Amino acid sequence: MSATKIDSVVTIRQFTLAVFYNASIEAWQFRILSPGGEVFGLNKIYFSPEAALKAGLKWIGTGN
């Protein structure tokens, strides 16, 4: 059984951004939960939680 490690959960403009370590692929990812309950995110992988967070913030429109 592979474990998932949550690094951070942030709420921005009624969206919830979760950054997590996916142990089955040994990489960091993010998902975004909309106010209506939809889950968004790509199957891209990141090699640090900071990189996944930055990508998630960019997706929401608050990152550089």
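First things first, this report covers the structure right here in the doc. Bear in mind the structure is a predicted one, so any value in this text is a computation, not a measurement.

So, about the nonpolar core. Inside soluble globular proteins, nonpolar side chains tend to come together where they are buried. Among the nonpolar cores identified, the biggest contains 9 residues, and these are Ile 12, Leu 17, Val 19, Trp 28, Phe 30, Ile 32, Tyr 46, Ala 52 and Ile 60. Counting residues per element, the ones that place at least two in this core are strand S2 (15–22), strand S3 (27–33) and helix H1 (49–60). Per element, the largest residue contribution to this core is 3 residues, and it comes from S3. Excluding anything up to four places from it in sequence, Leu 17 contacts Ser 8, Val 9, Val 10, Phe 30, Arg 31, Ile 32, Leu 53, Gly 56, Leu 57 and Ile 60.

Now for the packing of aromatic side chains. Counted under the stated rule, the structure contains 3 aromatic pairs. Both rings, one in Tyr 21 and one in Trp 28, keep their centres 5.1 Å apart while their planes meet at 65°; by these two values the pair is edge-to-face. A relative accessible area of 10% places Trp 28 in the buried class. Look at Phe 30 and Trp 59: their rings are 5.6 Å apart centre to centre, the planes differ by 85°, and that puts the pair in the edge-to-face class. Placement of Phe 30 in strand S3 and of Trp 59 in helix H1 is noted, with a sequence separation of 29 residues between them.

The end-to-end C-alpha distance of H1, which contains 12 residues, comes to 17 Å, matching closely the 16 Å that a straight helix rising 1.5 Å per residue would cover. Listed in full, the buried residues belonging to H1 are Pro 49, Ala 52, Gly 56 and Ile 60. The buried residues of H1 all sit within an arc of 75° when viewed along its axis, so they share a single face. Residues of H1 that are exposed and point over 90 degrees away from its buried face: Glu 50, Lys 54 and Lys 58. Elements in contact with the buried residues of H1: strand S1 (4–12), S2 and S3.

Cut-offs used in this document
- Residues numbered from 1 in each chain as written.
- Predicted model: local features only at pLDDT ≥ 70, side-chain atom pairs only at ≥ 80, totals over all residues.
- Heavy atoms only, no water.
- Core = buried A, V, L, I, M, F, W, Y, C linked by side-chain atoms within 4.5 Å.
- Buried < 20%, exposed > 50% of the residue type's maximum accessible area, 1.4 Å probe, protein only.
- Helix = DSSP H or I, 4+ residues; strand = E, 2+ residues; numbered from the N terminus.
- Contact = heavy atoms within 4.5 Å.
- Phe/Tyr/Trp six-rings, centres within 6.5 Å; stacked < 30°, edge-to-face > 60°.
- Expected span 1.5 Å × (residues − 1).
- Arc of directions from axis to C-beta.

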